[in-house]
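# Structural overview for review
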Amino acid sequence: MGSLILSQVFNAIMLACTLALIGIGFSLFFGVMDIVVFCLGDIAIASAFCILGITSLTGVYAALNGIFPMVVSNIILVICGGVFGAILVTVMYHTVVAPFEGKNINASLLSTVAAGYVIRELIGIFYPGGRDPQNFPNLLPTGYLFNNTMLSWRNIIIVGTTVLVLMLLYWFVNRTKAGISIQALSQNKEASIMIGIDWHKMVIVTFLIGGFLLGIAGFLTASYASTLRFDTGSMYGLLGFSVAVVGGLGSIYGALAGSLVIAFVEVFVTGFIPGGAAYSGVAGFLIVVLFIIFRPEGIIGEKSISKV
Amino acid sequence: MDALKTLKTEKVGINFGGLKAVEKLDFEIGDETVGLIGPNGSGKTTFLNIISGIYKPSEGRVIFKGEELNSFTPDAIRKKGISRTFQTNRLCMNLSVIDNLLLGLYCEQKTSWWQAIFNRSLAMQEINRGIDKCFGAISVFNPEIVDRAYELISTIPLIDRRRIEIARAIVGRPKLLLLDEPTAGLNKEETHQMIEDITKIRDSGDRISIIIIEHDMSVISKISDRVVCLNAGQKIAEGSFEEVSQNENVCMAYLGG
Amino acid sequence: MAARLNDKITAALVALGICLLVYISLMSSLLVILIIVALLVVLLTYCEKTGLIDTVFQLMGKNTTLTSVIFGLFIISLPFLVKGNNDLLHIMIIAGIMGIVALGLNFQIGGIGQINFAPAVFYGVGAYTTAYLSVRLGVSPWLGTIAGVCLATLTGVIIGLPALKARGYYLALVTIALQTIFTLMIINIPAVGGPNGIPGIPYYQIFGYSLHSRVEVFGLTLPYQVNYLYLVYIVFALAIVAASRLFKSRYGIAWNAVDQDPVVAATQGINLTSIQLLSFCLGAAFAGMAGALYAHYTGFISNENFDFSQSLILICMVILGGSDNVPGVITGALLLTMIDQKLADYANYRLLMYGLVLIIILLVRSKGLLPKRIRIYGERDTGMSNGDAKLAAGAGGKR
């Protein structure tokens, strides 16, 4: 029983790692722009498809492997995914987000949901065999640490990558000028613009960084599941937004806390309730709905006084 | 004694995270017009928000015709007969003039949703009666607005928007009317017209109590029977306009002493 | 008098023109429909520039009896016009069913301005309830339909309750989450057929006459779709009447006020809780009714008919047609259903098209093809009411 719980805890941490980055993506964009971009999940999955596409182009991948050692070429691949995510997010910003800035939020809400559908369907239509589940190549080393089935290298690297990205993000947000500007913007937009923060530049920076995060998130979640389906993006995005809301929309640390909550709920429902596997998604979303009703500011968020 | 007073507050106060916007305020209004003055941030609008139920007071009681209102929601308070206008003219921009006015009659109309669907003649009768009432209320101020009844609010000039907002508040014949800076943003001549309009309401013969917040002392001196001055959430002076305007505390408050 | 006659003739001509357009687009291929839509958009922009559109709407509003008779006759004669082609009748039936759901959804999107991403849940609850009752328990389809509407309304309360607390993005999350939960539930509950759906749903019967039987009139054998066409369009007509009456009632105004400014709405005596729940429940009842009709028409339902993409299609109809405008929503429903059914050869591109249509319409014409109109009460349009209004004003001034 003890080892069962331990393995479930480990599973939950793995799941939380795949959710944390996308949740942070949602929080970053909301913090800076006050807009929830609903197609982030699809962007992450599209980036994973980008990585998959490069590896399936035999010539390129072989050439990469010929020039660099395996590890380096894989890192290059992941960075390619991140860059693709960043480009895609920027494109999305200019097509479906920017035209609706300052208007009724329903317009941007609908347009980003629709954009998610467009991305998903484009993958389904134009990627060869896009509507079938794809095997995601095993870019991470196989084998186990201490011959322990829980501690596969793959899992350790997923957790390690997440921690590394989080540390980089922490450094960026707290130590660089751009990061501090982003923090300032998410706390008080008017005041920040007044003291001379270039909002438009910061939006682009946020989108590039967020997009890069999404690319990595897509890679992690695809590696974790080892398969990739074109239509998982909506579910993934929804979970990511849930994570951000549970933690407190707009807060980066909140997203981290939220991902742990959602991951633990889902894994434990799957593991300890008979027949619960089918309902793990239901349980996760129920938690979100309850949070929205009873604590809309999330775990970390502060209760704001609405001004009349 | 309570029965004579329309509205009475007993030691009402509200905190916003440590900031006491209104503190231990005792206030009474009978069948009269009371001017509420005070420097910016003195808690005047917050006080109106408490009375109209938008904020819940953290202490004290609000009593309207002998009934405590503390736990009431804004819509229930409106149904009791307290209606208000807003400082920043808040009309529904996506609705026409007449729809905005009809909104003021919402709580006295009786048509239920199934009657609206299945009993068209009844619903239409009530709407038509309502339209007549609204036209009656607005034409007291400016009969020309009636001709523009089917235009969107965004095409109407500011003074008429204020009139529409006030008409929306009085068309349901409230017992207590709360006016939050009705002349804000108006020029001298328009302010003068607004004073006349408010005088018309006051002298219309319906026993109506009015609380009016104003920065323009000429308005207050002409309209109000009594003046209450707030500063930093507390009442610092009360009485006729002359008394209050000569009160030392009031001068200090305005000059920032 | 002559002017009124002229008005009547013009209104009748406009109504006939609309019928003709519907008929042509029904008969023709996808390309022709797209050309018609393009022409229509040009015509609309022209009419808006010259103000002609207001005149047309006024005329149609004044002569509702005449125009509804024309539309009614069109639907009655449609089976003969299409010579009993069951595919075309099927398209019209689906369009009617979608129209009912879209009208219900419009109470939320157009009315209280909250985007409900789960209309397919209401639609599905109606369909699954009646299917379950009539297939598994042998209940009469009519009773099943009533139960479906009731249960859908209850679902409306369940989805509406979080909507009271959550607006905008949060509501989107809640409704998308509930939509996902619903899909997961029907796939995982064996009693409702799981991924296989529920086949063999009985058809409606009126006094022992099954609506699933062919009709022979004037020596012409018409497919069973004719019965359902009439049934669906009777319900659709009722839904249209109900929706337009609600739009003009105090509830329509209150919904718009809640959308615009909840605080102001509350200070006008509008109970935010009940008014928003009403919007969700009525919308759910409409959708539940439509779902039941769909179940008993096709005889087979599965989770694919009620998933998130179905919700997106419904939202697309409302936004494309014009939210908070009953004729607009009907236009959106008819148009998109026709295009959708004609797209059968390109099924791969269906959802892509919906996504693109939604984005393009939001970018280019965010209020839809037929934008929301100002409410005109009775005969009191601006031109005629001046005298009355002045009288009323005089009377009011004296008090």
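The preceding data block contains the structure.
Note that the coordinates shown come from a computational prediction; the quantities given were computed from them, not determined experimentally.

### Things to note about the overall build of chain B
Counting its secondary structure elements, chain B contains eleven helices and ten strands. The C-alpha radius of gyration computed for chain B amounts to 19 Å, which stays within 12% of the reference 18 Å derived for 257 residues, consistent with globular compactness. With respect to the three principal axes, the spread of C-alpha positions in chain B is 60 × 40 × 35 Å. Classification of the 257 residues of chain B by burial places 57% in the buried group. Across chain B, contacts joining residues at least 24 apart in sequence account for 68% of those joining residues at least 6 apart. With an accessible surface of roughly 10,600 Å², chain B has 50% of that area assigned to carbon and sulfur atoms. Charged side chains of chain B number 32 positive and 35 negative; the gap between the two group centres comes to 5 Å.

### Things to note about the interface of chain B and chain C
Each partner contributes to the interface: chain B provides 46 residues, whereas chain C provides 42 residues. Together chain B and chain C conceal approximately 4,100 Å² of surface at their shared face, both sides included; 62% is due to carbon and sulfur atoms. Ranking the residues of chain B by area buried against chain C places Y106, I117 and Y150 of chain B at the top, with a combined share of 19%. Residue R375 of chain C pairs with D99 of chain B through a salt bridge whose shortest N-O separation is 3.1 Å. At the junction of chain B with chain C, the criterion picks out twelve residue pairs in polar contact (both at pLDDT 80 or more).

### As for the packing of helix α2 (residues 40-56) of chain A against helix α5 (residues 105-126) of chain A
Residue and element names in this part refer to chain A. Closest axis-to-axis distance for the α2/α5 pair is 9 Å, and the angle between their directions is 25°. The angle between α2 and α5 falls in the class roughly parallel. The two elements α2 and α5 cross, and the hand of that crossing is left-handed. Seen from α2, the contacting residues are D42, I43, A46 and F49; seen from α5, they are G116, I119, R120 and I123. Considered class by class, the residues forming the contact of α2 with α5 number five nonpolar, one polar and two charged.

### Some thoughts on a nonpolar patch on the surface
Residues and elements named next belong to chain A. A surface patch of nonpolar side chains, amounting to about 870 Å² of accessible area, comprises I67, F68, M70, V71, V72, I75, I79, V83, I87 and V91. Among the elements that take part in the nonpolar patch, helix α4 (residues 70-97) stands out by supplying eight residues, more than any other. Among the secondary structure elements, I75 is positioned in helix α4.

### Some points on the packing of aromatic side chains
Residue and element names in this part refer to chain C. Tallied over the entire structure, the rule returns 27 aromatic pairs over all chains. Where F117 meets F308, the ring centres are 6.1 Å apart and the plane angle is 35°; that geometry is what we call tilted. With F117 in the loop between α5 (86-111) and α6 (119-136) and F308 in helix α13 (residues 308-321), the pair connects residues that are 191 residues apart, well separated along the chain. Residues F117 and F308 agree in their burial class; the two are buried. Arranged with centres 5.7 Å apart and planes meeting at 70°, the rings of Y233 and F236 form a pair that is edge-to-face. Residue Y233 and its partner F236 are both found in helix α9 (residues 225-248); the two are separated by three residues, about one turn of the helix. Among the residues examined, Y233 registers a relative accessible area of 11% and is labelled buried.

### Describing the sheet that holds strand β5 (residues 67-68) of chain B
Strand-to-strand pairing in sheets goes through backbone hydrogen bonds, with the strands running parallel or antiparallel. Residue and element names in this part refer to chain B. Spatial ordering of the open sheet is given by β2-β1-β4-β5, a layout of four strands whose pairing is antiparallel. Both outer strands of the open sheet, β2 (19-29) and β5, are each paired with one neighbouring strand and no more. As paired elements, strand β1 (residues 7-16) and strand β4 (residues 59-64) share five bridges and run antiparallel to each other. Residue pairing in the sheet places L7 in a bridge with F64 of β4.

### Looking at the sheet that holds strand β8 (residues 209-213) of chain B
All names here are of chain B. Ordered by their spatial adjacency, six strands build an open sheet running β6-β7-β8-β3-β9-β10, and the pairing between neighbours is mixed. Edge positions in the sheet fall to β6 (82-84) and β10 (234-239), since each has one partner strand and no second. For this sheet, the mean inter-axis angle between neighbouring strands, taken without regard to orientation, is 20°. Across the sheet, helix α1 (residues 44-51) lies against β3 (33-37), β6, β7 (176-180), β8 and β9 (226-231), angled at about 150° from β7, the strand it touches most.

### A short note on the pattern of salt bridges
Residues and elements named next belong to chain B. Per the stated rule, a full pass over the model turns up 29 salt bridges over all chains. Residue K133 pairs with E108 through a salt bridge whose shortest N-O separation is 2.5 Å. Of this pair, K133 sits in helix α5 (residues 120-141) while E108 sits in the loop between α3 (97-103) and α4 (113-118), placing them 25 residues apart in sequence. One network of salt bridges, in which partners are shared, links K8, E10, R61 and E68.

### Regarding the nonpolar core
Formed by 278 residues in total, the largest nonpolar core has its most connected members in M92, F117 and I301 of chain C. In this structure I301 of chain C touches A127, Y128, A131, G197, I198, I201, Y294, A295 and F306 of chain C, once residues within four positions along its chain are discounted. Judged by nonpolar contacts, the second largest core, of 30 residues, contains L7, V12, I14 and I213 of chain B.

### Section: the environment of I201 of chain B
Residue and element names in this part refer to chain B. Along the polypeptide, I201 turns up in helix α8 (residues 188-202). Classification of I201 by relative accessible area gives buried; the value is 5%. I201 sits 64 residues away from A137 along the chain, and the two C-alpha atoms are 9.7 Å apart. Among residues more than four places away in sequence, those in contact with I201 are F141, I166, I170, L177, I208 and I210.

### Remarks on empty space enclosed by the protein
Across all of its chains, the model carries three cavities of 30 Å³ or more by this definition. Approximately 90 Å³ is the volume attributed to the largest cavity. Residue lining of the largest cavity: 13 residues in total, with N106, F107, A243, F247 and D324 of chain C positioned closest to the centre. Elements with a minimum of two residues in the lining of the largest cavity: α5, α9 and α10 (250-260) of chain C. Looking at the lining of the largest cavity, its residues break down into six nonpolar, five polar and two charged. Along the walls of the second largest cavity sit I50, I51, G53, Y55, K56, P57, V62, L69, N70, F72 and I77 of chain B, which together make up its complete lining.

### As for unusual backbone geometry
One non-glycine residue, S226 of chain A, lies in the positive phi region at around 55°. When you line up the elements, S226 of chain A lands in the loop between α9 (199-225) and β2 (227-228). The phi torsion at D324 of chain C lies on the positive side, around 65°, for a residue other than glycine. Inspection of the secondary structure puts D324 of chain C in the loop between α13 and α14 (326-342).

### Remarks on the packing of α6 of chain C against helix α7 (residues 141-165) of chain C
All names here are of chain C. Their axes nearest at 7 Å, the elements α6 and α7 cross at an angle of 145°. With respect to the hand of their crossing, α6 and α7 are arranged in right-handed fashion. Where α6 approaches α7, its residues V121, F122, V125, G126, T129, T130 and L133 are matched on the opposing element by P141, G144, T145, A147, G148, L151, A152, T155, G156 and I159.

### Points about the pairing of β2 of chain B
Residues and elements named next belong to chain B. Pairing geometry for β1 and β2, over seven bridges, is antiparallel. Across the sheet, residue F16 finds its bridge partner in β2, namely L19. In textbook terms, the turn of a hairpin is the stretch between consecutive antiparallel strands, and for β1 and β2 this stretch comprises two residues, one of which, G17, has a positive phi near 50°.

What counts, and where the lines are drawn
As a convention, each chain's residues are numbered from 1 in the sequence order in which they are written. Ligands are numbered from 1 and chains lettered from A, in the order in which they are written. In view of the model being predicted, local features appear only for residues whose pLDDT reaches at least 70, and side-chain atom pairs are presented and counted only at 80 or more, with totals across whole chains, interfaces and linings using the full set of residues. Note that the side-chain values use all heavy atoms of the structure and ignore hydrogens as well as water. Elements are defined by DSSP. Helices are runs of H or I of four residues or more, strands are runs of E of two residues or more, and each kind is numbered from the N terminus. When we talk radius of gyration, it's over C-alpha atoms, and the globule rule is simply 2.2 Å times the number of residues to the 0.38. Exposed residues in this analysis have more than 50% of their type's maximum accessible area, buried residues have under 20%, and partly exposed residues fall in between, with area computed by a 1.4 Å probe over protein chains only. We call two residues contacting when some pair of their heavy atoms lies within 4.5 Å. With residues, only the protein chains shown are counted as cover, and all accessible areas are computed by Shrake-Rupley using a 1.4 Å probe. Residues scored as positive are Lys and Arg, those scored as negative are Asp and Glu, and His as well as the terminal groups of each chain are ignored. Charge positions come from single atoms, namely NZ of Lys, CZ of Arg, CG of Asp or CD of Glu. Summed over both partners, buried area is the accessible surface (1.4 Å probe) that two parts give up on being assembled. Salt bridges are defined by distance alone: a side-chain nitrogen of Lys or Arg within 4 Å of a carboxyl oxygen of Asp or Glu. Under this definition, polar contacts are N or O atom pairs within 3.5 Å; protein pairs additionally need one hydrogen-donor-capable and one acceptor-capable atom, and for neighbouring residues in sequence, both atoms have to be side-chain atoms. Only the stretch in contact is used when a helix axis is fitted, and all axes are lines through C-alpha atoms; the angle between N-to-C directions ranges over 0 to 180 degrees. Small angles under 35 degrees read as roughly parallel and large ones over 145 as roughly antiparallel, with 65 to 115 read as roughly perpendicular and the rest as oblique. Put simply, a crossing is left-handed when the front helix is turned counterclockwise from the back one by less than a right angle, and right-handed when it is turned clockwise. For this classification, the nonpolar set comprises Ala, Val, Leu, Ile, Met, Phe, Trp, Tyr, Cys and Pro, the charged set comprises Asp, Glu, Lys and Arg, and every other residue, Gly included, is treated as polar. Patch membership is restricted to residues that have no salt bridge and whose relative accessible area is over 30%. Joining uses 9 Å for like charges and 5 Å for the nonpolar side chains Val, Leu, Ile, Met, Phe, Trp and Tyr. Here the aromatic set is Phe, Tyr and Trp, taking the six-membered ring for Trp, and pairing holds for ring centres within 6.5 Å; pairs whose planes are under 30 degrees apart are stacked, those over 60 apart are edge-to-face, and all others are tilted. For two strands to be treated as a pair, DSSP must find at least two bridges joining them. By convention a nonpolar core is built from buried Ala, Val, Leu, Ile, Met, Phe, Trp, Tyr and Cys residues, the set being connected through side-chain atoms within 4.5 Å. Only protein atoms enter the calculation, which uses a 1 Å grid: trapped sets of points that fit a 1.4 Å probe without letting it out are cavities, open sets showing protein on both sides within 12 Å along at least five of seven lines are pockets, and any residue with an atom within 4 Å of a point is a lining residue. Grid points are joined across faces, edges and corners, and a volume is the space filled by probe spheres set on the points.

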